[in-house]
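Summary of the model geometry
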Amino acid sequence: QVQLEESGGGLVQAGGSLRLSCTASGRMAYVMGWFRQAPGKERDFVAGISARGTNTMYGDSVKGRFNISRDNAKDTVYLQMNSLTPEDTAVYYCAAKSRTLIRTPASAYDYWGQGTQVTVSS
């Protein structure tokens, strides 16, 4: 069983940066992912990282702006978000999956955090 808790969300102006953190209790030997969901929209894949941090994957809309990393010694995964735009406004969720491949569908993930709000003002 894994419990996930996100932090680091908030209000930022367009062009600014935020770093989200997700701390896990229990085993960290999982693929970790970040998803986001805006009002009235589906939950979309943002980024994923393999259990050892050697492989990463990004959604097309965030490539070159966001960076996912993890520190297994601290049971924490991070999402560094740069050059933020109002279109990045959403609730951001941390997720974990027990199989080895990074996958983009939300249905592939077994555990979820409660989410943290990110609001980007224009």
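In what follows, the accompanying structure is described. The structure displayed is predicted, hence computed values, not measured ones. (Residues numbered from 1 in each chain as written. Predicted model: local features only at pLDDT ≥ 70, side-chain atom pairs only at ≥ 80, totals over all residues. Heavy atoms only, no water.)

**Let's talk about the overall build of the chain**
The helix and strand tally for the chain stands at zero helices and eleven strands. Listed by position from the N terminus, the elements making up the chain come as β-β-β-β-β-β-β-β-β-β-β. Taken over the C-alpha trace, the chain has a radius of gyration of 13 Å; the compact-globule value for 122 residues is 14 Å, and the two agree within 12%. A principal-axis box enclosing the C-alpha atoms of the chain has dimensions of 40 × 30 × 25 Å. When contacts within the chain are restricted to residue pairs at least 6 apart in sequence, those whose partners lie at least 24 apart make up 57%. By element, 43% of the accessible surface of the chain is carried by carbon and sulfur atoms, the whole surface being about 6,500 Å². Of the charged side chains in the chain, 13 are positive and 10 negative, and the gap between their average positions amounts to 6 Å. (Helix = DSSP H or I, 4+ residues; strand = E, 2+ residues; numbered from the N terminus. Rg over C-alpha atoms; globule rule 2.2 N^0.38 Å. Contact = heavy atoms within 4.5 Å. Areas by Shrake-Rupley, 256 points an atom, 1.4 Å probe, with all protein chains shown as cover. Lys, Arg positive; Asp, Glu negative; His and termini not counted. Charge placed at Lys NZ, Arg CZ, Asp CG, Glu CD.)

**Overview of the sheet that holds strand β8 (residues 76-81)**
The strand order across the open sheet formed by four strands is β1-β3-β8-β7, and the pairing between neighbours is antiparallel. Bordering the open sheet on either side are β1 (3-7) and β7 (66-71), each of which pairs with just one other strand. Shown here is a sheet whose adjacent strand axes are inclined to one another by a mean of 15°, direction ignored. (Pairing = 2+ DSSP bridges. Axes fitted to C-alpha atoms, helices over the stretch in contact; angles between N-to-C directions.)

**Let's talk about unusual backbone geometry**
Across residues other than glycine, the phi torsion is negative in most instances, and most of the peptide bonds are trans. For Asp-75, which is not a glycine, the phi torsion comes out positive at approximately 55°. Among the secondary structure elements, Asp-75 is positioned in the loop between β7 and β8. For Asp-75, a relative accessible area of 27% corresponds to the partly exposed category. The phi torsion at Ser-83 lies on the positive side, around 50°, for a residue other than glycine. Relative to the elements of secondary structure, Ser-83 occurs in the loop between β8 and β9 (90-97). (Buried < 20%, exposed > 50% of the residue type's maximum accessible area, 1.4 Å probe, protein only.)

**Describing the side chain of Arg-36**
Along the chain, Arg-36 falls in strand β4 (residues 31-37). Side chain to side chain, Arg-36 and Asp-88 meet in a polar contact 2.8 Å long. Discounting residues that sit within four places of it in the chain, Arg-36 has contacts with Glu-42, Arg-43, Asp-44, Val-46, Ser-61, Val-62, Phe-66, Glu-87, Asp-88, Ala-90, Val-91 and Tyr-92. (Polar contact = N/O pair within 3.5 Å; in protein donor to acceptor, adjacent residues only side chain to side chain.)

**Some details on the pattern of salt bridges**
Following the criterion strictly, the structure yields three salt bridges and no others. Between Asp-88 and Arg-36 there is a salt bridge whose closest N-O contact spans 2.8 Å. Highlighted residues: Asp-88 in the loop between β8 and β9 and Arg-36 in strand β4, separated in sequence by 52 residues. Here the two residues Asp-88 and Arg-36 agree in accessibility, since each one is buried. Residue Asp-60 pairs with Lys-63 through a salt bridge whose shortest N-O separation is 3.2 Å. We note that Asp-60, like Lys-63, is exposed. (Salt bridge = Lys/Arg side-chain N within 4 Å of Asp/Glu carboxyl O.)

**Re the nonpolar core**
With 29 residues, the main nonpolar core has Leu-4, Met-32, Trp-34, Leu-79, Met-81 and Tyr-92 as its most contacted residues. Every element with two or more residues in this core is listed here: β3 (18-25), β4, β5 (44-49), β7, β8, β9 and β11 (116-121). Excluding residues within four positions of it along the chain, Met-32 makes contact with Leu-4, Cys-22, Ala-47, Gly-48, Ile-49, Ile-68, Arg-70, Val-77, Cys-94, Ala-95, Ala-96 and Tyr-109. Among the nonpolar cores identified, the runner-up in size contains seven residues, and Val-31, Phe-35, Ala-95 and Tyr-109 belong to it. (Core = buried A, V, L, I, M, F, W, Y, C linked by side-chain atoms within 4.5 Å.)

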